Amino acid sequence: MINKPAKETNIRLPVAALICVLLLLPLAAAGAHAGSEHVISQKGKKFSPGQIDIKVGDTLTFINDDKRRHNIYSKTPGQTFNIRKQSPGARDSITFDDSGTVEVRCAIHPKMRLVVNISE
Ligand SMILES: [Cu+2]
């Protein structure tokens, strides 16, 4: 027989719904703190924009729109990173987990400067 007894279906549906809710709860909680992504372009040996305000947990995605390599890094205490050599067309992302002001520079082009203000 294809049809199952109605009794069995009635029991399974609430259980399935409960499992769905239990599985989705952590996802909803995590989603509340999920950061936004902001794109920073590097073109003409400049960061664009050159200054940005973001929230803790946000991500900056650095895209190399130049025809030369860049080397993005930060020496800001507690918020250091180094993307190292980034080829034209490449993209790399950095997530900021702490508040503060971070100065981002390029190791190859000393005039390149980006200020990131991260707030709670
Ligand atoms: Cu550069």
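Before any of the text, the structure's been laid out above.
For every chain, the first residue of the written sequence is number 1, and numbering continues from 1 along that sequence. With pLDDT at 70 or above as the cut-off, local features in this predicted model cover only qualifying residues; side-chain atom pairs require 80 or more to be listed or tallied, and sums for whole chains, interfaces and linings still use all residues.

Draft legend 1. Expanded view of the nonpolar core. I40, F62, I72, V102, V104, L114 and V116 are the most contacted members of the largest nonpolar core, which has 13 residues in total. Contributing elements (two or more residues each) for this core: β4 (59–64), β8 (100–106) and β9 (113–119). We call two residues in contact when their backbone-placed C-beta atoms lie within 7 Å. In this structure I40 touches F47, S48, L60, T61, F62 and L114, once residues within four positions along its chain are discounted. By definition, a nonpolar core groups buried Ala, Val, Leu, Ile, Met, Phe, Trp, Tyr and Cys residues that are joined through C-beta atoms within 7 Å. Any residue surrounded by 20 or more other C-beta atoms within 10 Å of its C-beta is treated as buried, while 12 or fewer makes it exposed and the intermediate range makes it partly exposed; C-beta atoms here are placed from the backbone. For helices the rule is a DSSP run of H or I covering at least 4 residues; for strands it is a run of E covering at least 2, with both sets numbered from the N terminus onward.

Draft legend 2. Fine view of the sheet that holds strand β2 (residues 46–48). Taken in spatial order, the 4 strands line up as β2-β1-β4-β7 in an open sheet, and their pairing is mixed. With one partner strand each, in any of the chains shown, β2 and β7 (91–95) form the two edges of the open sheet. This sheet shows a mean twist of 25° between the axes of neighbouring strands, independent of strand direction. At least two bridges found by DSSP between two strands are what make those strands a pair. Of the pairings in the sheet, the one linking strand β1 (residues 37–43) to β2 comprises 3 bridges and is antiparallel in character. Each bridged residue has a counterpart across the sheet, and for S41 the counterpart in β2 is S48. Inter-axis angles, ranging from 0 to 180 degrees, are taken between N-to-C directions of lines fitted to C-alpha atoms, where helices are fitted over the stretch in contact.

Draft legend 3. Molecular detail of the pairing of β4. Side-chain alternation along β4 places L60, F62 and N64 on a buried face and T59, T61 and I63 on a face that remains uncovered. Note: β1 against β4, 6 bridges, orientation parallel. Looking at β4, one finds that E37 is bridged to T59. Across 5 bridges, β4 lies against β7 in antiparallel orientation. Bridging across to β7, L60 finds its partner in I94.

Draft legend 4. How the structure looks around the environment of S119. As for its position among the elements, S119 is in strand β9. Here S119 is in contact with D53, K55 and S99, once residues within four sequence places are set aside.

Draft legend 5. The arrangement of unusual backbone geometry in detail. The omega torsion across S48 and P49 is 0°, close enough to zero to call that bond cis. Looking at the element boundaries, P49 is found in the loop between β2 and β3 (51–55). In this structure, K45 is a non-glycine residue whose phi angle is positive, near 60°. Note on placement: K45 falls in the loop between β1 and β2. Even without a glycine there, the phi angle at R84 is positive, about 65°. Here R84 lies in strand β6 (residues 81–86).

Draft legend 6. Representation of the sheet that holds β6. Across the sheet, which stays open at both edges, the 5 strands sit in the order β3-β9-β8-β5-β6 with mixed pairing between neighbours. In this open sheet, the two edge strands, each paired with only one partner strand, are β3 and β6. Neighbouring strand axes in the sheet, compared pairwise and without regard to direction, differ in orientation by 20° on average. Pairing of β8 with β9, which is carried by 6 bridges, proceeds in the antiparallel orientation. Bridging from a neighbouring strand, G100 pairs with I118 of β9.

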